[in-house]
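Chain and residue survey
Residues per chain are reported as follows:
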Amino acid sequence: MEWHIYEQIQEIIDKAPTFHYTHGAFWNGGYVIIHSLPRRIPAIYGGVLQQFTMQKAYYTIHDVKERLWHSKAVTVLTGAGISAESGVPTFRGKVGLWKNFRPEDLATPEAFKNNPKLVWEWYDSRRQALSRLKPNAGHIAIAEIERRVKEFTLITQNVDGLHHLAGSKNIIELHGNIWRVRCLTCGEVDENRDAPIKILPFCECGGLLRPDVVWFGEMLSDSALTKAFVASDNCDLMFVIGTSGVVHPAASLALRAKDEGAFVVEINIDNTPLSVSADVTLLGKAGDIMPQLL
Ligand code: BJW
Ligand code: ZN
């Protein structure tokens, strides 16, 4: 990176009001130049908190790359944004699914109880669209990282199965999988790739089947969450990719990783509530940035 770009970044940060976070990204011939958020660090004199000072650190994509390949344990947390470039709609934002659909009507156990046909029609339309989509460069780069690092865990909030198709192996699906069904009567879980699926679908036992996903107000699987905690608490480096960071407990995994000493790199086209906690935010599309780390 050219030195004058560093100077420009420095100038912008210096002009920013003290004690306010400054954040930005600069584009240079297609490469993302990133810097971490300046942090407020307490200055303690004689045991008394006197003031906050600004700690500034700058990272290039090459610094992140270097860190990645020197890490022993890498954990990746993904959200809908990683699949956006495959054509899968995200939930929030200007063109997100929640613009046209209310989560209360479609993604809660009460919604399914009140109108299983409506909920199944929504999931069926998403399954049909998904059946035509493929993993993108972001998914593929994550699978490649798994092949090259010693300890690797992928925690995804996505239900689309695209990480599997890209070749990722050690995957924790926090919110389930849209290609599985679960019987409300006997609890049996089965893979079902019918697209379209028969509405309403029933189990051999006669019970109504539901998508095997986690809706609002439902507990995440104990074993998935425990594994996700272990992977977040024990990694040296965590990538947080394409999530708005507003749905818990998934979002809290990034904070846990940070608290336990991991270096946290966020990759998103926008800032999120997690940006202030991340060591670095790379602003850009996951499908553009992830392959640059290989
Ligand atoms: C790009 C990009 C590109 C775009 N490159 N980036 C603590 C505090 C407050 C509330 C709670 C709390 N703990 C629990 C709760 C309640 C609730 C919750 O979090 N609510 C908040 C919304 C307020 N959580 C729950 O209910 C969870 N259960 C639970 O905690 O049980 C215990 C409990 C029960 C009862 C009460 C309290 C506790 C369950 C959450 C289940 C979420 N389910 C869904 C649907 C899954 C099935 C389906 O797909 O249909 O999961 S909702 C939806 O949101 C989906 C996603 O996995 C999840 C997260 O969304 P995600 O992935 O972040 O997507 P977006 O669209 O929000 O963001 C996309 C991002 O990508 C954006 O930032 C873009 O900028 C970026 N982007 N293109 C890089 N190319
Ligand atoms: Zn059954």
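Everything quoted here is computed from the prediction, not taken from an experiment.

Describing the site of ligand 1
Taken together, 36 residues form the shell around ligand 1, and within it Gly-79, Gly-81, Thr-90, Gln-157 and Ser-244 come nearest. Elements supplying a minimum of two residues to the shell around ligand 1: α3 (81–84) and β13 (263–268). Of the residues assigned to the shell around ligand 1, the class counts are 17 nonpolar, 14 polar and 5 charged.

Let's talk about the nonpolar core
Ranked by size, the top nonpolar core spans 45 residues in total, and within it Ile-155, Met-238, Val-240, Ala-254, Val-264 and Val-265 carry the most contacts. In this structure Ala-254 touches Leu-77, Met-238, Val-240, Gly-245, Val-264, Leu-274 and Ser-277, once residues within four positions along its chain are discounted.

Observations regarding the sheet that holds strand β10 (residues 189–191)
Across the sheet, which stays open at both edges, the 3 strands sit in the order β10-β9-β11 with antiparallel pairing between neighbours. Strands with a single pairing partner mark the edges of an open sheet, and in this sheet they are β10 and β11 (209–213). Direction aside, neighbouring strands of the sheet carry axes that sit 45° apart on average. Both strand β9 (residues 176–183) and β10 contribute to a ladder of 3 bridges, which runs antiparallel. Within β10, the residue paired with Arg-182 across the bridge is Val-189.

A closer look at the sheet that holds strand β12 (residues 237–241)
Judged by pairing direction, the sheet is parallel, and its 6 strands sit side by side in the order β8-β7-β6-β12-β13-β14 without closing on themselves. If you trace the sheet from one side to the other, it starts and ends with β8 (171–173) and β14 (280–283), each paired once. Strand-to-strand, the axes of this sheet are offset by a mean angle of 15°, without reference to chain direction. With 4 bridges connecting them, β13 and β14 associate as parallel partners. Looking across to β14, one finds that Val-265 is bridged to Val-280.

Side note on the packing of helix α10 (residues 222–233) against helix α11 (residues 252–259)
The N-to-C vectors of α10 and α11 enclose an angle of 35°; their axes lie 8 Å apart at closest approach. Between α10 and α11, the contacting residues are Ala-228, Phe-229, Ser-232 and Asp-233 on the first element and Leu-253, Arg-256 and Ala-257 on the second. Per-class residue counts for the contact of α10 with α11 are 4 nonpolar, 1 polar and 2 charged.

Structural notes on α11
Listed as buried for α11 are Leu-253, Ala-254 and Ala-257. The buried residues of α11 occupy one face: seen down the axis, they fall within an arc of 100°. Against β6 (73–78), β7 (151–156), α10, β12 and β13 lie the buried residues of α11. Trailing α11 by a residue or two, Gly-261 shows a phi angle of about 100°, which is positive.

Focus on unusual backbone geometry
The omega torsion across Ala-195 and Pro-196 is 10°, close enough to zero to call that bond cis. Position of Pro-196 among the secondary structure elements: in the loop between β10 and β11. Residue Pro-249 is reached from His-248 by a cis peptide bond, and omega for that bond is 5°. Considering the arrangement of structural elements, one finds Pro-249 in the loop between β12 and α11.

What about the confidence of the model for the protein?
Looking at the protein as a whole, the pLDDT averages 86, with 81% of positions reaching at least 70. In this model residues 1–10 is a low-confidence stretch, pLDDT under 50, and it forms 11 contacts with partners more than four residues away in sequence or in other chains. The low-confidence segment residues 51–56 (pLDDT under 50) makes 16 contacts with residues lying over four places distant or belonging to another chain.

Calculation rules
Residues numbered from 1 in each chain as written. Chains lettered and ligands numbered in written order. Predicted model: local features only at pLDDT ≥ 70, side-chain atom pairs only at ≥ 80, totals over all residues. Near = placed C-beta within 6 Å. Helix = DSSP H or I, 4+ residues; strand = E, 2+ residues; numbered from the N terminus. Nonpolar A, V, L, I, M, F, W, Y, C, P; charged D, E, K, R; others polar. Core = buried A, V, L, I, M, F, W, Y, C linked by C-beta atoms within 7 Å. Buried ≥ 20, exposed ≤ 12 C-beta atoms within 10 Å, placed from the backbone. Contact = placed C-beta atoms within 7 Å. Pairing = 2+ DSSP bridges. Axes fitted to C-alpha atoms, helices over the stretch in contact; angles between N-to-C directions. Arc of directions from axis to C-beta. pLDDT = per-residue confidence, 0-100.

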